[in-house]
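# Residue-level structure breakdown
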Amino acid sequence: MIDLQRGMFESGVSPHDEEGVLSRVAKLLEKARSRGVAVLHVRHDGGPGDDLERDTPGWHIHPAVAPLNDEPIIDKDRCSAFHGTDLHERLQARGIARLVIAGMQTEYCIDTNCRTAHGLGYAVLLVRDAHTTFDNPALSAEQIVAHHNLTLRNGGFVTLVDAAAVEF
């Protein structure tokens, strides 16, 4: 679960399908946990003054999808959760070869982590309806999500699946 932090939802601008994405991610977490699947959370530090600045209210993971006590949080300060962290080593130590990815923001951290994970040899399952972003001056958030779903799938980086169809 990538960057599903309070600052993304409490900045005064709502991400596309905010409640739907949080609900679907919460159900994914419940399903993974009930099957004993390892869940790792990724949290972004946007630096001083950012909505995701470390140790501020916005930096914490949204309560609807908060980690359980034994679930690790990978802290990062770049789009990639692999760069400058021990994520790859943690996954290897657990024998994890397939990643199910959901979260924020589609065009930044979701895209980067799907491509990086694929490049490291992981099978990547991107949950089509469980990642989101914000509108920008060029495209609506809905268009950005649709574009990245298509690009990442057609580029061979991910397998796309709806949240309801994810199997652990």
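Structure shown above.
Overview of the structure. (Residues numbered from 1 in each chain as written. Predicted model: local features only at pLDDT ≥ 70, side-chain atom pairs only at ≥ 80, totals over all residues. Heavy atoms only, no water.)

## A word on unusual backbone geometry
One non-glycine residue, Asp3, lies in the positive phi region at around 55 degrees. Note on placement: Asp3 falls in the segment before α1 (6-9). In this structure, Asp55 takes a positive phi of about 65 degrees despite not being glycine. With respect to the element layout, Asp55 can be found in the loop between β1 (41-44) and β2 (73-76). (Helix = DSSP H or I, 4+ residues; strand = E, 2+ residues; numbered from the N terminus.)

## Observations concerning the sheet that holds strand β3 (residues 98-104)
Ordered in space as β3-β4-β5, the three strands form an open sheet in which the pairing is parallel. The open sheet terminates on both sides in strands that have one partner only, identified here as β3 and β5 (159-161). Ignoring strand direction, the axes of neighbouring strands in this sheet form an average angle of 30 degrees. Taken together, the three bridges between strand β4 (residues 123-132) and β5 define a ladder with parallel strand orientation. Within β5, the position partnered with Leu125 by the bridge is Thr159. Lying on the sheet, helix α4 (residues 106-119) is in contact with β3 and β4; it crosses β3 at an angle near 170 degrees. Seen against the sheet, helix α5 (residues 141-154) touches β4 and β5 and runs at an angle of roughly 170 degrees to β4. (Pairing = 2+ DSSP bridges. Axes fitted to C-alpha atoms, helices over the stretch in contact; angles between N-to-C directions. Contact = heavy atoms within 4.5 Å.)

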